[in-house]
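# Architecture at a glance
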Amino acid sequence: MRTGDAVPPTSAFILTTSDASAAGMREDASGARLEERLRELGYSVERRVVPDDEPVIAAAIADAAARHRLVITTGGTGLTPRDVTPQATRSVLDYEVPGIAETMRAEGRRSTPLAALSRGVAGVRGRSLIVNVPGSPKGAMESFAAIEAILPHALETLAGPFDHRTAEIARTLRDVER
Amino acid sequence: MRTGDAVPPTSAFILTTSDASAAGMREDASGARLEERLRELGYSVERRVVPDDEPVIAAAIADAAARHRLVITTGGTGLTPRDVTPQATRSVLDYEVPGIAETMRAEGRRSTPLAALSRGVAGVRGRSLIVNVPGSPKGAMESFAAIEAILPHALETLAGPFDHRTAEIARTLRDVER
Amino acid sequence: MRTGDAVPPTSAFILTTSDASAAGMREDASGARLEERLRELGYSVERRVVPDDEPVIAAAIADAAARHRLVITTGGTGLTPRDVTPQATRSVLDYEVPGIAETMRAEGRRSTPLAALSRGVAGVRGRSLIVNVPGSPKGAMESFAAIEAILPHALETLAGPFDHRTAEIARTLRDVER
């Protein structure tokens with residue numbers, strides 16, 4: 001199922017991917033910080049924690065995107081073989097929006113050169129926007145801050161309506177010209 | 001067919017992808033502005049408008065790349081399911097040149113953070129360079145301005161000749177060493 | 001074979017991809033400059049020169065990554081059909097680290113806009129980091145300088161150990177919850 005018109009554009013889902021948090025061995029500080037900021041911005045927020053397991057993450061994103069316009073994941077964007085969030089995300093995206101990840105890294109590098117090592121991706125599934133931010137509270141909040149200003153426009157655009165009437169006219173003209 | 005040595009390096013094609021323009025419901029302002037700028041830079045220019053239809057765009061790019069060293073598309077780089085120009089472009093590229101798209105977005109973000117949302121790609125087909133710029137006249141011209149300075153070098157490099165004699169010697173040595 | 005824990009994190013391999021150097025027609029100036037810099041930084045260094053041949057480059061990278069934590073390639077990142085290093089590299093990567101290539105190009109553009117034309121990629125194979133830098137000595141050294149500061153952290157992270165105990169607990173909890 002993909003998001004329909006009924007989903008409010010300010011409904012957000014935060015998915016924390018962390019073996020330690022999923023095992024109850026570490027608090028989900030990044031998820032809590034992201035939730036706080038999203039609520040300040042007027043979003044209703046739902047949260048979930050899953051281990052760093054690619055198919056589990058992919059299923060959780062797909063499920064969340066069916067019910068929320070915005071899905072933010074935190075964690076699993078680093079260099080090691082246990083960091084699988086970008087791969088899991090890409091597997092359920094319809095298409096990437098590379099400039100969102102580029103922006104988060106470019107802004108992050110002003111604070112620390114290590115921001116270059118985040119492998120996070122962003123993109124669209126149905127009418128929902130999915131964005132990976134790093135797992136550390138600092139990295140998560142700095143990445144989110146870098147794209148906060150463009151989220152309203154992105155979510156409004158995705159919420160449509162697209163100009164299907166024009167598309168139909170264009171298709172008809174094309175078919176006639178063939 | 002791919003471009004051969006006979007195509008002048010300053011021959012450019014502008015492909016506008018827009019349902020509204022293809023349906024005759026909107027003027028192709030971006031295409032006109034791009035043509036004007038390319039002529040100022042000494043390019044001969046051909047233009048075409050097609051609807052936002054992935055296989056139609058892909059075929060138009062492949063056809064244009066067979067006859068022109070430079071193919072600029074405008075439109076269809078946004079977030080919605082009707083924006084299919086990057087997918088269509090990628091399907092006919094031999095390889096991407098990611099730094100061109102990165103540069104357009106990074107320069108664009110100096111003007112507006114929304115530049116991060118353009119999904120445009122750039123790359124090579126045969127000996128031709130293909131570049132996606134956004135559909136708005138402002139976005140199109142700012143993106144083009146960001147890469148104007150590197151186009152002569154890129155097109156000269158692609159026009160060759162490549163050093164095939166050296167490549168042959170290297171291959172012969174490798175085969176002898178086996 | 002992939003790198004195990006026994007490989008010291010400061011062991012580096014420099015692979016020069018150049019038809020001219022492989023044919024003995026040009027000195028490997030970039031390889032020599034990179035080796036000098038890596039030795040200054042405390043790395044032990046091994047070097048090899050291969051022609052611009054995709055399967056040969058891919059095999060050389062895979063072989064190097066089995067024995068070294070860091071593999072730097074120089075050459076073959078340009079626009080022409082003879083530039084195949086990014087394709088060869090991608091074919092043997094487990095996953096890309098796009099921010100490394102973005103950083104090299106973004107920093108390079110401060111020196112010359114032509115830095116946008118490097119198609120270099122970077123990523124991980126096993127526990128080794130592979131990075132493509134351009135073939136010109138200036139381009140190679142500027143690209144390397146842009147990422148020098150993040151290499152120790154990247155290589156230490158890849159050297160692990162990863163927290164496999166936590167991963168196991170998380171997996172067990174997940175299986176119990178099913």
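Please refer to the structure placed before this passage.
The structure reproduced in this document is the subject of the present report. Predicted model only: the values in this text are computed from it and were never measured.

Calculation notes
Residues numbered from 1 in each chain as written. Chains lettered and ligands numbered in written order. Predicted model: local features only at pLDDT ≥ 70, side-chain atom pairs only at ≥ 80, totals over all residues. Heavy atoms only, no water. Helix = DSSP H or I, 4+ residues; strand = E, 2+ residues; numbered from the N terminus. Buried < 20%, exposed > 50% of the residue type's maximum accessible area, 1.4 Å probe, protein only. Contact = heavy atoms within 4.5 Å. Areas by Shrake-Rupley, 256 points an atom, 1.4 Å probe, with all protein chains shown as cover. Pairing = 2+ DSSP bridges. Axes fitted to C-alpha atoms, helices over the stretch in contact; angles between N-to-C directions. Salt bridge = Lys/Arg side-chain N within 4 Å of Asp/Glu carboxyl O.

### Re the overall build of chain A
Secondary structure assignment for chain A yields eight helices and six strands. Along chain A, helices (α) and strands (β) appear in the sequence β-α-α-β-α-β-α-β-α-β-β-α-α-α when read from the amino end. In chain A, which comprises 178 residues, the share counted as buried stands at 59%. Across chain A, every contact between residues at least 6 apart in sequence was considered, and the portion connecting residues at least 24 apart equals 77%. Here chain A displays about 7,200 Å² of accessible surface, and carbon together with sulfur accounts for 52% of that area.

### Observations regarding the sheet that holds strand β1 (residues 11-17) of chain B
Residue and element names in this part refer to chain B. Sheet architecture is open: six strands sit in the order β2-β1-β3-β6-β5-β4, paired in mixed fashion. Because the sheet does not close on itself, it has two edges, and the strands there are β2 (44-50) and β4 (95-96). In the sheet, β1 pairs with strand β3 (residues 70-74) via five bridges, with the strands oriented parallel. Counterpart to A12 in the pairing with β3 is L70. Strands in contact with helix α5 (residues 98-111) are β4, β5 (122-125) and β6 (128-133); relative to β6, the strand with the most contacts, it is inclined by about 30°.

### Looking at the pairing of strand β5 (residues 122-125) of chain C
All names here are of chain C. Alternating positions in β5 separate into two faces, A122 and V124 on one and G123 and R125 on the other, with burial throughout. In this sheet, β5 lies alongside strand β4 (residues 95-96) in antiparallel orientation, the contact comprising two bridges. When the bridges of β5 are listed, E96 appears paired with G123. Direction of pairing for β5 relative to strand β6 (residues 128-133): antiparallel, over a ladder of four bridges. Across the sheet, the residue bridging to V124 is L129, located in β6. As consecutive antiparallel partners, β5 and β6 are separated by two residues, and within that stretch G126 has a phi angle of approximately 60°, a positive value.

### Here's the deal with the pattern of salt bridges
One pass over the full model with this rule turns up 39 salt bridges over all chains. Here R90 of chain C and E96 of chain C are joined by a salt bridge, their closest N and O atoms 2.7 Å apart. The exposure class of R90 of chain C is partly exposed, given its relative accessible area of 42%. Salt-bridge contacts for K138 of chain C lead to E142 of chain C; the nearest nitrogen and oxygen are separated by 3.1 Å. On the criterion of helical spacing, the pair formed by K138 of chain C and E142 of chain C is a turn pair, its members being four residues apart in helix α6 (residues 137-147). Judged by its relative accessible area of 31%, E142 of chain C falls in the partly exposed class. Ionic contacts of the salt-bridge type, sharing partners, join the residues D28, E35, R39 and R47 of chain A into one network.

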